[in-house]
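Results of the structural survey
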Amino acid sequence: MSKDNGQSKVIGLAVDRVDGRLKVSGMAKYAAEYQLENLAYAVLVQSEISKGKIKNIDSSKAEKLEGVLLVLTYKNAPKIPTKASSDFDDSLHLLQNNLIHHDRQNIGVVVAETLEQAKYAASLLEIEYEKAPVDVDMDNSLGKARTPRSEEDELQNLKEDSAYKRGDFSKAFESAELKLTQTYITPAEIHSMLEPHATTAQWQDNKLTVWESTQAIFNTRNKLAKAFGLPPEQVRVITKFLGGGFGSKLSTWSGTVLCAIAAKTCKRPVQLALSRQNTYSNTGARPRTVQALKLGAAKSGRLTALEHVSISENCRFADFVEDGSEISTHFYSCPNLKASSKTVELDIGKPTWMRAPGDCPGSFALESAIDELAYLASIDPLQIRLLNYAEKNEKDNLPWSSNYLKLCYQKGSEQFGWHKRSLAPGSMKAGDKLLGWGVASACHPAHRMKASAKIELKADGTAVISCGTQDIGTGTYTICSQIAAETLALPLSRIVFNLGDTTMPEAPLSGGSMTAATAGSTVLELCKQAVEKLARIASEDKDSPLYKEQTEDIQAVSEGLYSRKNPEQGESFVSLLTRNGGAALKLETSLAPDKNKLDKYSNYSFGAHFAEVQIDPELGKISVTRFVSAIAAGRIINPKTAANQVRGGVIYGIGMALTEEILRDSKTGRVLNADLAEYHLPVHADIPKIEVLFCGEADPVVNELGVKGIGEISNIGVAAAIANAVYHASGKRIRQLPITLDKLL
Ligand code: MOS
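Computed from a prediction, not measured in an experiment: that's the story for all the values here.

1. Overview of the pairing of strand β21 (residues 554-557)
What you see with β21 is no split at all: Ile554 and Ala556 on one side and Gln555 and Val557 on the other are buried throughout. Looking at chain direction, β21 and strand β22 (residues 560-563) are connected through four bridges and run antiparallel. The partner of Ile554 across the bridge, within β22, is Ser563. Between β21 and β22, which pair antiparallel one after the other, the connecting turn spans two residues, and Ser558 there sits at a positive phi close to 45 degrees.

Written out as structure tokens, the structure is:
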């Protein structure tokens with residue numbers, strides 16, 4: 001660190017994760033690793049039918065077992081306050097009645113001294129069912145698709161309208177020189193985070209503390225408070241580490257509340273860690289979509305008409321829509337456009353957000369269709385994207401806050417070697433394998449919400465910052481520490497950044513790719529305010545070398561404050577604070593988005609993915625052999641954690657393209673592959689080197705840091721890039737994911 005070049009740079013450096021050592025050494029504690037005194041263990045009981053009623057549960061054998069403390073079922077579960085019932089309807093399955101809405105619905109909890117006792121006791125329950133006919137096949141009901149009744153709660157302000165039109169689609173499509181009408185299908189998927197949902201709950205007096213694996217500690221606190229009729233201050237939620245969430249941990253699911261009910265009933269702390277199998281039914285899934293696209297274009301490939309109707313599967317007891325058509329409303333320039341997203345009700349568990357909800361399945365349809373149009377127009381797939389580039393957001397008629405999509409196309413294609421591609425399908429080979437190159441684009445809204453944080457800058461020259469956000473594995477601890485270190489001119493080692501506790505200043509959920517923008521901007525503001533406050537103290541302190549200096553002329557440099565005009569004039573924070581009584585400087589602040597500024601622009605991140613596949617022509621085996629992602633997401637705080645997120649997003653997309661799919665038996669409604677042996681995630685051997693390029697610069701509009709978020713943009717378009725590469729290799733256009741051998745041969 002040097003005084004003469006002003007700020008030392010920490011933002012933008014690929015520093016190691018500040019919590020990396022804790023994680024790799026096993027010291028980082030996850031929700032199910034809190035060994036409280038007198039802890040009891042709970043397991044879930046899940047239904048073995050998919051629709052109907054429980055006629056009876058005989059728990060007498062289980063209750064007689066040694067170590068068993070509680071068998072909680074609809075027969076003895078405490079009633080949830082009616083005031084909370086709108087939040088806690090059947091979608092949460094809190095054992096309020098004997099109805100069964102879907103396969104593996106939570107219908108009981110068994111608590112025992114040990115996990116083994118609890119598991120064994122659960123196996124002894126004698127459950128009598130009355131089955132009803134099930135329907136889990138959306139293809140039979142597409143005609144009954146309807147627009148959703150209501151929007152979801154937490155992310156309400158992140159949703160776009162579900163029906164939209166501009167110009168005259170029908171007329172333009174009718175007279176178009178090139179026409180494409182196709183249907184694209186994406187599978188139901190499960191988040192498959194490394195750490196399944198887990199809760200450790202403890203009651204003391206009438207106060208509840210919950211160690212929870214959640215992306216939203218404050219929302220979880222509020223829901224629990226409602227369920228127990230408590231003021232929110234009497235509930236504390238702690239999430240220090242999270243082994244992934246991908247949207248499944250944005251909501252509070254029944255296991256969390258049931259664990260707290262069990263702890264209250266047993267009068268001792270209870271832990272409920274879901275098994276992998278438990279996660280396939282009561283903690284959301286990405287719903288299957290059937291998406292109909294109509295594209296009309298001039299011979300040149302220039303779009304003149306676009307219609308996108310996305311239908312997603314939903315449960316019958318709550319509303320969730322996968323807004324697949326939204327991305328089509330603004331991604332390409334097109335004067336005549338219609339888009340809507342609808343749902344079909346089935347006897348399935350409640351779907352939920354999964355990484356890039358809406359845009360991820362939507363982009364598979366849109367980016368496959370654009371690729372098909374390129375072949376209709378006989379032009380290069382990258383060329384058709386450039387040809388239809390939207391100079392502004394034509395949906396809301398606003399300029400982009402910044403848009404480096406063309407740079408993504410350029411840098412990504414250069415890195416990939418796209419110019420060496422020949423257009424005709426099946427025209428490239430790698431040895432005896434078919435070779436295919438595909439491209440797809442991506443965009444994602446740059447969200448940001450209000451957050452609060454506090455700082456204690458101690459007289460020993462260390463800073464402790466607390467913000468009630470979450471680190472869902474993305475690197476929030478690290479990037480917030482970097483922002484603080486740079487703003488305070490302290491080495492990273494002198495920053496302690498705390499998060500994940502509702503006793504801290506409030507921050508919103510970690511979702512919608514907005515945590516860097518939200519928590520990061522607040523930390524930046526907080527540290528700036530701390531520096532200003534210290535500068536005032538120094539300028540008013542007769543004994544400070546900065547006495548009577550203008551505060552604007554004082555800056556934080558080299559662990560202290562120094563004059564901008566005379567870099568040698570100043571002192572360390574230690575000297576300033578020690579001389580002023582030795583107490584820490586304490587400050588708390590909140591920062592909200594500047595709506596007036598944001599509303600003048602359309603704020604999105606952009607990206608381009610380039611995929612290479614090799615296909616065995618006899619076996620149909622597809623390997624993704626190269627992948628380049630060029631992402632423009634504003635300023636990158638840490639290229640190492642950021643690239644890591646992009647690689648994760650690409651891997652998620654490879655799974656979606658080639659292997660992942662929740663399969664249900666149409667007769668029984670049961671999930672057929674509810675474990676990692678049968679639900680196929682890509683493994684290391686399936687993943688090539690993924691090259692990540694960050695394009696563009698800090699965005700001048702979106703927030704004080706100029707960051708747009710990368711968690712979701714990296715997942716959008718990936719499956720289409722692969723499907724497009726498969727077409728290029730084989731001449732087979734697969735419009736239904738995953739692209740398995742049977743579809744290719
Ligand atoms: Mo994401 S689906 O907003 O965790």
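2. Comments concerning the pattern of salt bridges
Under the counting rule described, the total for this entry stands at 34 salt bridges. Linking Lys640 and Asp16 is a salt bridge whose minimum nitrogen-to-oxygen distance equals 2.4 Å. Remark: Asp16 occurs in the segment before α1 (20-24) and Lys640 occurs in helix α14 (residues 639-658); sequence separation between them is 624 residues. A salt bridge links Lys595 to Asp599, with the nearest nitrogen and oxygen atoms 3.1 Å apart. Take Lys595: its relative accessible area is 55%, and that puts it in the exposed class. Under the relative-accessibility criterion, Asp599 is labelled partly exposed at 45%. Sharing partners across several salt bridges, the network here consists of Glu367, Asp371, Arg385 and Arg733.

3. Some thoughts on the pairing of strand β14 (residues 303-314)
Of all the 12 residues making up β14, 11 are buried; the element is thus mostly covered by neighbouring parts of the structure. Summarising the sheet, strand β13 (residues 289-297) and β14 pair through nine bridges and their orientation is antiparallel. Its bridge partner lying in β14, Gly296 is registered against Ala305. Two successive antiparallel strands, β13 and β14, enclose a turn made up of five residues, where Gly301 displays a positive phi of approximately 100 degrees. As paired strands, β14 and strand β15 (residues 336-345) are joined by 10 bridges and run parallel to one another. Following the sheet pairing, Val309 is matched in β15 by Ser340.

4. Details of the environment of Glu559
As for its position among the elements, Glu559 is in the loop between β21 and β22. Given a relative accessible area of 29%, Glu559 falls into the partly exposed group. Between the C-alpha atoms of Glu559 and Ala698, which are 139 residues apart in sequence, the distance is 26 Å. Discounting residues that sit within four places of it in the chain, Glu559 has contacts with Ala489, Leu490, Pro491, Arg494, Ser572 and Phe573.

5. Some points on the sheet that holds strand β25 (residues 604-615)
With mixed pairing, the five strands of this open sheet are ordered in space as β16-β17-β25-β26-β27. Strands at the two margins of the open sheet, each flanked by one partner only, are β16 (429-430) and β27 (690-694). Pairing of β25 with strand β26 (residues 622-632), which is carried by 10 bridges, proceeds in the antiparallel orientation. The partner of Glu612 across the bridge, within β26, is Arg626. Sheet contacts for helix α9 (residues 405-416): β17 (433-445), β25, β26 and β27; angle to β25, the most-contacted strand, approximately 25 degrees. The sheet strands contacting helix α15 (residues 718-730) are β17, β25 and β26, and the helix crosses β17 at an angle near 155 degrees.

6. Some points on the packing of aromatic side chains
Ring pairs (aromatic) are described by centroid distance and by the angle formed between their planes. All told, the structure shown has 18 aromatic pairs when counted by the stated rule. Ring geometry for Trp203 and Phe228: centres 4.9 Å apart, planes at 75 degrees, overall edge-to-face. Taken together, the residues span a long stretch of sequence, with Trp203 in strand β9 (residues 198-204) and Phe228 in the loop between α5 (217-227) and β11 (235-238) at a distance of 25 residues. Each member of the pair, Trp203 together with Phe228, is buried. Consider the rings of Phe241 and Tyr477, whose centres lie 5.5 Å apart with planes at 35 degrees: the pair is tilted. One end of the pair, Phe241, is in the loop between β11 and α6 (254-266); the other, Tyr477, is in helix α10 (residues 476-488), and 236 residues separate them in sequence. Put simply, the rings of Phe331, Tyr332, Trp400, Tyr604 and Phe606 touch in pairs and so form one group of aromatic residues. Its end group placed over the ring of Tyr652, Arg355 keeps NZ or CZ at 5.3 Å from the ring centre.

7. Examining the confidence of the model for the protein chain
Chain-level statistics for the protein chain give a pLDDT mean of 95 and a share of 96% at 70 or above. Here residues 151-161 scores under 50 on pLDDT; set against residues more than four positions off or in separate chains, the count is 26 contacts.

8. With respect to the nonpolar core
Core analysis: the largest hydrophobic core is formed by 88 residues, its most contacted members being Leu295, Phe331, Val613 and Ile722. Per element, the largest residue contribution to this core is nine residues, and it comes from α15. One finds Ala451, Ile455, Ala489 and Leu576 within the second-largest nonpolar core, a separate group that totals 49 residues.

9. Focus on the packing of α5 against α6
Contact pair α5 / α6: the axes reach a minimum separation of 11 Å and the direction vectors enclose 50 degrees. As far as their axial angle goes, α6 and α5 are oblique. α5 and α6 meet at a crossing whose hand is right-handed. For the pair α5 and α6, the contacting residues are Thr220, Leu224 and Ala227 in the first and Thr256, Val257 and Ala260 in the second. Residues belonging to the contact of α5 with α6 are distributed by class as follows: four nonpolar, two polar and no charged.

10. Comments concerning the packing of α14 against α15
Geometry of a packed helix pair, given as the angle between the helix axes and the separation of the axes. At their nearest, the axes of α14 and α15 sit 7 Å apart, and the two run at 50 degrees to each other. Taken together, the axes of α14 and α15 lie oblique to each other. The hand of the α14/α15 crossing is right-handed. Between α14, through Gly649, Val650, Gly653, Ile654, Met656, Ala657 and Leu658, and α15, the contact on the second element is made entirely by Val718, Ala719 and Ile722. Here the residues of the contact of α14 with α15 are counted per class, giving eight nonpolar, two polar and no charged.

11. Description of α6
For α6, spanning 13 residues, the distance from its first C-alpha to its last is 18 Å, which sits close to the expected 18 Å at 1.5 Å a residue. Here α6 lies mainly inside the structure; 11 of its 13 residues are buried. Restricting attention to buried positions, one finds in α6 the residues Ser254, Gly255, Thr256, Val257, Leu258, Cys259, Ala260, Ile261, Ala262, Ala263 and Cys266. Residue Lys267 follows α6 closely and has a positive phi angle near 55 degrees.

12. Some details on the sheet that holds strand β10 (residues 207-212)
The seven strands lie next to each other as β3-β5-β1-β12-β9-β10-β11, forming an open sheet whose pairing is mixed. Of all strands in the sheet, those with a lone pairing partner are β3 (68-72) and β11, marking the two edges. On average, each strand axis in the sheet is tilted by 20 degrees relative to the strand beside it, whichever way the strands run. For strand β1 (residues 40-46) and strand β12 (residues 270-273), the ladder comprises three bridges, and the chain directions are parallel. Across the sheet, the residue bridging to Ala40 is Val270, located in β12. Contacting β1, β3 and β5 (106-112), helix α3 (residues 115-123) runs over the sheet at an angle of about 25 degrees to β1.

13. Points about unusual backbone geometry
Along the chain, Leu737 connects to Pro738 via a cis peptide bond; the corresponding omega equals -5 degrees. On the secondary structure map, Pro738 appears in the loop between α15 and α16 (741-744). If you check the backbone angles, Glu559 has positive phi at about 65 degrees while not being a glycine.

14. Observations regarding the side chain of Ser328
Among the secondary structure elements, Ser328 is positioned in the loop between β14 and β15. Within the structure, the side chain of Ser328 is placed 2.6 Å from the side chain of His308, a separation counted as a polar contact. When sequence neighbours within four positions are dropped, the list of residues in contact with Ser328 reads Leu306, His308, Leu337 and Leu366.

Cut-offs used in this document
- Residues numbered from 1 in each chain as written.
- Predicted model: local features only at pLDDT ≥ 70, side-chain atom pairs only at ≥ 80, totals over all residues.
- Heavy atoms only, no water.
- Buried < 20%, exposed > 50% of the residue type's maximum accessible area, 1.4 Å probe, protein only.
- Helix = DSSP H or I, 4+ residues; strand = E, 2+ residues; numbered from the N terminus.
- Pairing = 2+ DSSP bridges.
- Salt bridge = Lys/Arg side-chain N within 4 Å of Asp/Glu carboxyl O.
- Contact = heavy atoms within 4.5 Å.
- Axes fitted to C-alpha atoms, helices over the stretch in contact; angles between N-to-C directions.
- Phe/Tyr/Trp six-rings, centres within 6.5 Å; stacked < 30°, edge-to-face > 60°.
- Lys NZ or Arg CZ within 6 Å of the ring centre and 35° of its normal.
- pLDDT = per-residue confidence, 0-100.
- Core = buried A, V, L, I, M, F, W, Y, C linked by side-chain atoms within 4.5 Å.
- Parallel < 35°, antiparallel > 145°, perpendicular 65-115°, else oblique.
- Left-handed = near helix turned anticlockwise from the far one by under 90°.
- Nonpolar A, V, L, I, M, F, W, Y, C, P; charged D, E, K, R; others polar.
- Expected span 1.5 Å × (residues − 1).
- Polar contact = N/O pair within 3.5 Å; in protein donor to acceptor, adjacent residues only side chain to side chain.

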